[in-house]
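Topology and contacts: notes
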Amino acid sequence: MERIDKQKIVDSVPQKGFFGQPKGLFTLFFTEFWERFSYYGMRAILVFYMYYEVSDGGLGLDQNVALSIMSVYGALVYMSGVIGGWLADRVFGTSRSVFFGGVFIMLGHIVLSIPGSLTFLFISMALIVIGTGLLKPNVSSIVGDLYNETDRRRDAGFSIFYMGINLGAFISPLIVGGVQKSYGFHWGFALAAVGMFIGLVVFMVTKKKNLGLAGSYVPNPLTPSEKKNAIKYTTIAVVLIGGLLAVLIPQGLFTINTFIGLVGVFGIAIPTIYFIVMYRSPKTTEVERSRIIAYIPLFIASVMFWAIQEQGATILASYADKRTDLEFLGFTLSPAWFQSLNPLFIIMLAPVFAWLWVRLGDREPSIPTKFAFGILFAGLSFLVILLPAYFGGPDTLVNPLWLVLSYFIVVLGELSLSPVGLSATTKLAPAAFSAQTMSLWFLSNAAAQGINAQLVRFYSPENEMLYFGIIGGAAIVLSMILFALAPVIKKYMRGIH
């Protein structure tokens, strides 16, 4: 029945019209472009907003606290995908979830654009966390709906989709960073809200013509009794958590540090529970269970990769601000502009990787091998950035080209792992957990940032060689292990290539 339904969905989508891909990819490409414009534009200046002095328009937080909050925020953004995926699979469907998510994200940026206090910051973060959880995993799931399982365009299609993500991420730090520099932080955040509004308009205007039935169905709808229980237990949980916080916070028993620690624990516990539930579900077939086993080492590799890559918005952002010589070739660089390097290199190289996978045909590396290359390059990017301290010491300003090189190397890893991981997730997902498995993929990023919330506290210019060396070395060791295990993992994938 699932195969028949899937075929009807694919047949309803115009199959040509966007770089040789299904026409629906146009809608999803530009929806994600504007969502990423809003998110990365905000993120490019957010950490500076938190630790800059009030006299400079910031909140004046301690820098290490700001870095930890940034990591926790990133972890919660991706953790919320669990709820977003569940709501899509069982209540709304992916298309409606994408729309509701965009509305929440836009509201979050609007709140952040209002001059206020730390309270406004946390309200904004909560709205964006909810919205991204609804939108991000589900828009990627709709991309998977555009293709049959045997359609060899799938990996190339996800690479093109990934390029849309990074076009928005490239442009936004340059524009939002420039607006912030000239007019202040809050005008920069307001521009991010405008970006999300445009994304919503693109989605609503083009989805009917381009997407067909993709995203319009609920794969595993709640029964009336399940719906009643879901409402009841959600209400009980909200009341209990709210009451507990009302007691603990005034007594100083629940602090920011406590919350940071809890996020790290949940970042590991939630995906573990997810794997167990999906594996043991009676709705999961024997073949799907084998594919879940294959997915576990890929998930672990993804956590290692994102633990390095996501420090581009925390440790390397601070590195650009405090350790880098921003006077370069007669220009004064903004530290926010370095956030555009990662997406810039992806824009340049994503078409090359998309062409390469298609060109290689039957010689294309397996999914686990691509993942191994991904974390190998991530580790090398951290070994590169420790070299300036080795040559010049921790007290000298670093040539910005060192940062450029580090971002370039990690992008080689990202293109080997991230779009391939999106595609692999849609292939390996059990039919009854399609959107939730995509949420699980994003939980690898949440787990990584939950870990980073603890790791960033150990960084300082004095110990940066040790910091970058240990993390980079661990990634390289894990890549060697994954290279060795690739044939075994491929066997458990049961025909998925």
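Since the model is a prediction, treat every value here as computed from it, not as a measurement. (Residues numbered from 1 in each chain as written. Predicted model: local features only at pLDDT ≥ 70, side-chain atom pairs only at ≥ 80, totals over all residues. Heavy atoms only, no water.)

Attention shifts here to the overall build of the protein. Scanning the protein from terminus to terminus reveals 17 helices and 2 strands. Taken over C-alpha atoms, the radius of gyration comes to 22 Å for the protein, in line with the 23 Å a tight globule of 497 residues would show. For the protein, the proportion of its 497 residues judged to be buried stands at 55%. Summarising the internal contacts of the protein: among those between residues at least 6 apart in sequence, 83% fall at separations of at least 24. Carbon and sulfur atoms make up 71% of the accessible area of the protein, which totals about 20800 Å². One way to put it: in the protein the 34 positive side-chain charges average out to a point 12 Å from where the 26 negative ones average out. (Helix = DSSP H or I, 4+ residues; strand = E, 2+ residues; numbered from the N terminus. Rg over C-alpha atoms; globule rule 2.2 N^0.38 Å. Buried < 20%, exposed > 50% of the residue type's maximum accessible area, 1.4 Å probe, protein only. Contact = heavy atoms within 4.5 Å. Areas by Shrake-Rupley, 256 points an atom, 1.4 Å probe, with all protein chains shown as cover. Lys, Arg positive; Asp, Glu negative; His and termini not counted. Charge placed at Lys NZ, Arg CZ, Asp CG, Glu CD.)

Another aspect to go through is the confidence of the model for the protein. Across the protein, the average pLDDT comes to 85, with 94% of residues at 70 or higher. No element of the protein has a lower mean pLDDT than helix 1 (residues 2-12), at 53, and none a higher one than helix 13 (residues 367-385), at 94. (pLDDT = per-residue confidence, 0-100.)

Looking now at the packing of helix 13 against helix 17 (residues 464-492). At a minimum axis distance of 8 Å, the contact between helix 13 and helix 17 shows a crossing angle of 170 degrees. Judged on the interaxial angle alone, helix 17 and helix 13 are roughly antiparallel. Across the contact of helix 13 with helix 17, the residue classes break down as 21 nonpolar, 6 polar and 1 charged. (Axes fitted to C-alpha atoms, helices over the stretch in contact; angles between N-to-C directions. Parallel < 35°, antiparallel > 145°, perpendicular 65-115°, else oblique. Nonpolar A, V, L, I, M, F, W, Y, C, P; charged D, E, K, R; others polar.)

Relative to the 34 Å expected for 24 residues at 1.5 Å per residue, helix 10 (residues 286-309) spans 35 Å between its end C-alpha atoms, a close match to the ideal helical length. Where helix 10 bends most, the angle comes to about 25 degrees, and this point is Tyr295, followed within four residues by the proline Pro297. (Expected span 1.5 Å × (residues − 1). Bend = angle between axes of the 7 residues up to and from the residue.)

Topologically, Ser366 is positioned in the loop between helix 12 (341-360) and helix 13. Using a relative accessible area of 16% as the deciding quantity, one classes Ser366 as buried. Within the structure, the side chain of Ser366 is placed 2.9 Å from the side chain of Thr369, a separation counted as a polar contact. Excluding its chain neighbours within four sequence positions, the residues that come into contact with Ser366 are Ala486 and Lys490. (Polar contact = N/O pair within 3.5 Å; in protein donor to acceptor, adjacent residues only side chain to side chain.)

What follows covers the side chain of Arg291. By secondary structure assignment, the location of Arg291 is in helix 10. Sequence-distant contacts of Arg291, defined by excluding residues within four places in its chain, comprise Lys427, Leu428, Tyr492, Met493, Arg494 and Ile496.

Another aspect to go through is the packing of helix 4 (residues 94-112) against helix 7 (residues 185-211). Contact pair helix 4 / helix 7: the axes reach a minimum separation of 8 Å and the direction vectors enclose 160 degrees. With respect to helix 7, the element helix 4 is oriented roughly antiparallel. The element helix 4 and its partner helix 7 pack so that their crossing is left-handed. Contacts between helix 4 and helix 7 involve Ser95, Val98, Phe99, Gly102, Val103, Ile105, Met106, His109, Ile110 and Leu112 from the former and His186, Phe189, Ala192, Ala193, Met196, Phe197, Leu200, Phe203, Met204 and Lys207 from the latter. Across the contact of helix 4 with helix 7, the residue classes break down as 15 nonpolar, 4 polar and 1 charged. (Left-handed = near helix turned anticlockwise from the far one by under 90°.)

Tallied over the entire structure, the rule returns 27 aromatic pairs. The interplanar angle of 50 degrees and the centroid separation of 6.1 Å between the aromatic rings of Phe275 and Tyr295 together place this pair among those described as tilted. Taken as a pair, Phe275 in helix 9 (residues 256-280) and Tyr295 in helix 10 lie far apart in primary sequence, 20 residues in all. Taking the relative accessible area as the measure of exposure, Phe275 reaches 10% and is therefore buried. Taking relative accessible area as the criterion, Tyr295 reaches 4% and is therefore assigned buried. Following the ring pairs from residue to residue traces out a cluster consisting of Phe26, Phe29, Phe30, Phe33, Trp34 and Phe37. (Phe/Tyr/Trp six-rings, centres within 6.5 Å; stacked < 30°, edge-to-face > 60°.)

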